[in-house]
Amino acid sequence: MTAPVTGIRRACAPVHEATLAIDLSAVAANTRRFAKATRGELMAVVKADGFGHGLADVARTALDNGATWLGVTSIAEAVAVRAAGLGAPVLSWLNPVDGDVETACRHRVDLAVPSVRHLAAVVEAGHLVRIHLQLDTGMARDGAAPDEWLELMAAARRAEAAGRVTVVGVMGHLAMAHDPGHPANTMGRHALLRGVELARRAGLRPSVRHLAATAATLTDPGTHLDLVRIGVGLVGIDPSGSTRLRSALRLTAPIVQVRRVSAGVGIGYGHTHVTDRATNLGLLPIGYADGLPRAASGRAEVMVAGRRRPVVGVISMDQAVVDLGDEPVDPGTAAVVFGPGDGGEPTVDDWAGWAGTIPHEIVTRIGPRVRRSVR
Ligand SMILES: *Cc1c(COP(=O)(O)O)cnc(C)c1O
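Residues numbered from 1 in each chain as written. Predicted model: local features only at pLDDT ≥ 70, side-chain atom pairs only at ≥ 80, totals over all residues. Heavy atoms only, no water.

Q: It is not clear to me how the overall build of the protein chain should be interpreted in this structure. Could you clarify?
A: Within the protein chain one finds twelve helices and 19 strands. Its C-alpha atoms put the protein chain at 80 × 40 × 40 Å along the principal axes. Taking all 375 residues of the protein chain together, the buried fraction comes to 51%. Long-range pairs, those at least 24 residues apart, make up 64% of the contacts in the protein chain between residues at least 6 apart in sequence. Of the accessible surface of the protein chain, which amounts to about 16,400 Å², a share of 52% is contributed by carbon and sulfur atoms. Looking at the protein chain, you have 40 positive and 36 negative side-chain charges, and the mean spots of the two groups are 4 Å apart. (Helix = DSSP H or I, 4+ residues; strand = E, 2+ residues; numbered from the N terminus. Buried < 20%, exposed > 50% of the residue type's maximum accessible area, 1.4 Å probe, protein only. Contact = heavy atoms within 4.5 Å. Areas by Shrake-Rupley, 256 points an atom, 1.4 Å probe, with all protein chains shown as cover. Lys, Arg positive; Asp, Glu negative; His and termini not counted. Charge placed at Lys NZ, Arg CZ, Asp CG, Glu CD.)

Have a look at this one:
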């Protein structure tokens, strides 16, 4: 029974500005859980500023707790990994055809190659580049379409013979891993294994076959192969809903003003909420520019002084109004916008539900004005 008390106490502690507290011990615990779940290697995917938790902090924490690779979606992010002093193998995918191969090479960055055109550009750069052939295994999104695979493999073999690339890996991605029984998962796995077989027949010797992200890693060991790529799971989100992971975020904001209003008062732009009784309103200095989704207006709640309170009216760019009922609090009191939920406060999942989106979008969109505090 101590957890709720702790939560309430934290909720009442005064704060001076909107603050995102990032708990790296949660990232560490989640990483260890994934490392234990697979016999393959573990790549920590730290794109989008480590899913909003800090690229360098998440990368370092993951490497200290069982990850051996890092994954990003741009060469610039890979350079940020190196600038943080991290020397682990790093793979960048989603690179444009005219991506900066020279910079990638200088920082020992592996590149995903999703087409014959990308491969030609890598060869033309004139370095020896470590590459992973990226195959579309059933998403029609990134990766080479199956009708290009033979040509891609043959060209990769020629580039290898010419000393321009080393084909380290073959990678795919699953569209339906959040739904473990879905036939697209089996088809995706078969597609990847067929791609690996074609690569071998073309004379390539890829040693790192990778397909699974968070959801497949948790639900389907048959997809693990040589390496799993874990992004959102590191920060406590499981798209398959099968596993309880630890959330690392707590977003708080001070109530900057409290006002008493009578019944019949319209609140905020458009008066979308009109009070039906006299009440007390608290003002939060945080809005959609800080990552509170405007679409959550009319549904969202925050926790103030140990109780859930509704956000009323539309969420503005910089501010939001909370209905405190007949229990006003002192200005300066902290409202908990979301946290792990162990003190009864709303969670990232709650906000995603209120906004009609997924938790990934909530954690990756907290704006730059919000102060970060890391422990
Ligand atoms: C983002 C991404 C991942 C990580 O996925 P999660 O579901 O966040 O673990 C893995 N692979 C690719 C290709 C990605 O783009």
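Q: I tried to follow the environment of Ala335 on my own but got confused; where do I start?
A: Along the chain, Ala335 turns up in strand E18 (residues 334-338). Separated by 52 residues in sequence, Ala335 and Leu283 have C-alpha atoms that sit 9.9 Å apart. Those residues in contact with Ala335 that sit more than four places away from it in its chain are Leu251, Thr252, Ala253, Leu284, Val302, Met303 and Val304.

Q: Is there a simple way to explain the sheet that holds E18 in this structure?
A: Hydrogen bonds along the backbone pair up the strands of a sheet, which may run parallel or antiparallel. In spatial order, the strands read E11-E14-E17-E16-E15-E18-E10-E1-E19; together these nine strands make up an open sheet with mixed pairing. Each edge of the open sheet carries a strand with a single partner, namely strand E11 (257-261) and strand E19 (371-374). Neighbour-to-neighbour, the strand axes of this sheet turn through a mean angle of 35°, independent of strand direction. In terms of strand pairing, strand E15 (residues 301-304) meets E18 through two bridges, oriented antiparallel. Bridge pairing in E18 places Val304 opposite Ala335. (Pairing = 2+ DSSP bridges. Axes fitted to C-alpha atoms, helices over the stretch in contact; angles between N-to-C directions.)

Q: Just to check I follow, could you spell out the packing of helix H7 (residues 116-124) against helix H8 (residues 149-161) for this structure?
A: Working note: a packed helix pair is described by the angle between its axes plus the distance between those axes. Across the interface, H7 lies against H8 with an axial gap of 9 Å and an inter-helix angle of 10°. Relative to H8, H7 is oriented roughly parallel. Residue-level inspection shows Val116, Leu119 and Val123 of H7 in contact with H8, the latter providing Glu151, Leu152, Ala155, Ala156 and Ala159. (Parallel < 35°, antiparallel > 145°, perpendicular 65-115°, else oblique.)

Q: How should I be thinking about the environment of Gly40 in this particular structure?
A: For Gly40, the location among the structural elements is in the loop between helix H2 (24-37) and strand E2 (41-45). Distance from Gly40 to Val258, taken between C-alpha atoms, is 55 Å for residues 218 residues apart in sequence. Apart from the residues lying within four places of it in its own chain, the contact partners of Gly40 are Leu225 and Asp226.

Q: What am I meant to see in the pattern of salt bridges here?
A: Side-chain pairs of opposite charge can arise where the charged atoms are in close proximity. Tallying each qualifying case throughout the model produces 21 salt bridges. A salt bridge links Asp142 to Arg141; the shortest N-O distance between them is 3.1 Å. Residue Asp142 is classed as buried on the basis of its relative accessible area, which comes to 17%. Residue Arg141 is classed as exposed on the basis of its relative accessible area, which comes to 52%. (Salt bridge = Lys/Arg side-chain N within 4 Å of Asp/Glu carboxyl O.)

Q: In this structure, what is going on with the packing of aromatic side chains? I would like to understand it.
A: What describes a pair of aromatic rings is the distance from one ring centre to the other and the angle between the planes of the rings. The final tally for this structure, using the stated rule, is one aromatic pair. Its guanidinium or amino end placed over the ring of Trp93, Arg229 lies 5.9 Å from that ring's centre, counting from NZ or CZ. (Phe/Tyr/Trp six-rings, centres within 6.5 Å; stacked < 30°, edge-to-face > 60°. Lys NZ or Arg CZ within 6 Å of the ring centre and 35° of its normal.)

Q: For this particular structure, what's the right way to read the site of the ligand?
A: All residues in the neighbourhood of the ligand are listed as Lys47, Phe51, Trp93, His173, Ala213, Thr214, Arg229, Ile230, Gly231 and Val232. Taking Gly231, its main chain carries an N or O atom lying 2.8 Å from an oxygen atom of the ligand. Considered on its own, the ligand offers 380 Å² of accessible surface; in the complex 90% of this is hidden by protein. Every element with two or more residues in the shell around the ligand is listed here: helix H3 (47-52) and strand E9 (227-230). Considering only residue class, the shell around the ligand consists of five nonpolar, three polar and two charged. (Near = heavy atom within 4 Å. Polar contact = N/O pair within 3.5 Å; in protein donor to acceptor, adjacent residues only side chain to side chain. Nonpolar A, V, L, I, M, F, W, Y, C, P; charged D, E, K, R; others polar.)

Q: Help me understand the packing of H2 against helix H4 (residues 55-64) in this model?
A: At a closest axis distance of 9 Å, the pairing of H2 and H4 adopts a crossing angle of 45°. Between H2 and H4, the angle falls in the class oblique. Remark: the crossing between H2 and H4 carries right-handed chirality. In this structure, H2 uses Leu24, Val27, Ala28 and Thr31 to contact H4, whose residues at the interface are Asp57, Val58, Thr61 and Ala62. Residues belonging to the contact of H2 with H4 are distributed by class as follows: five nonpolar, two polar and one charged. (Left-handed = near helix turned anticlockwise from the far one by under 90°.)

Q: When you look at the pairing of strand E6 (residues 129-134) in this model, what are you seeing that I'm missing?
A: Within E6, five of the six residues are buried, which leaves it mostly tucked inside the rest of the structure. In terms of strand pairing, strand E5 (residues 109-113) meets E6 through three bridges, oriented parallel. The residue of E6 that forms the bridge with Ala112 is His132. This β-α-β element, E5 to H7 to E6, shows right-handed connectivity. Taken together, the six bridges between E6 and strand E7 (residues 165-171) define a ladder with parallel strand orientation. Each residue of the ladder has a partner; that of Gln134, found in E7, is Met171. (Right-handed = clockwise from strand over helix to strand, strands pointing away.)

Any link to function would need more than the numbers given here.
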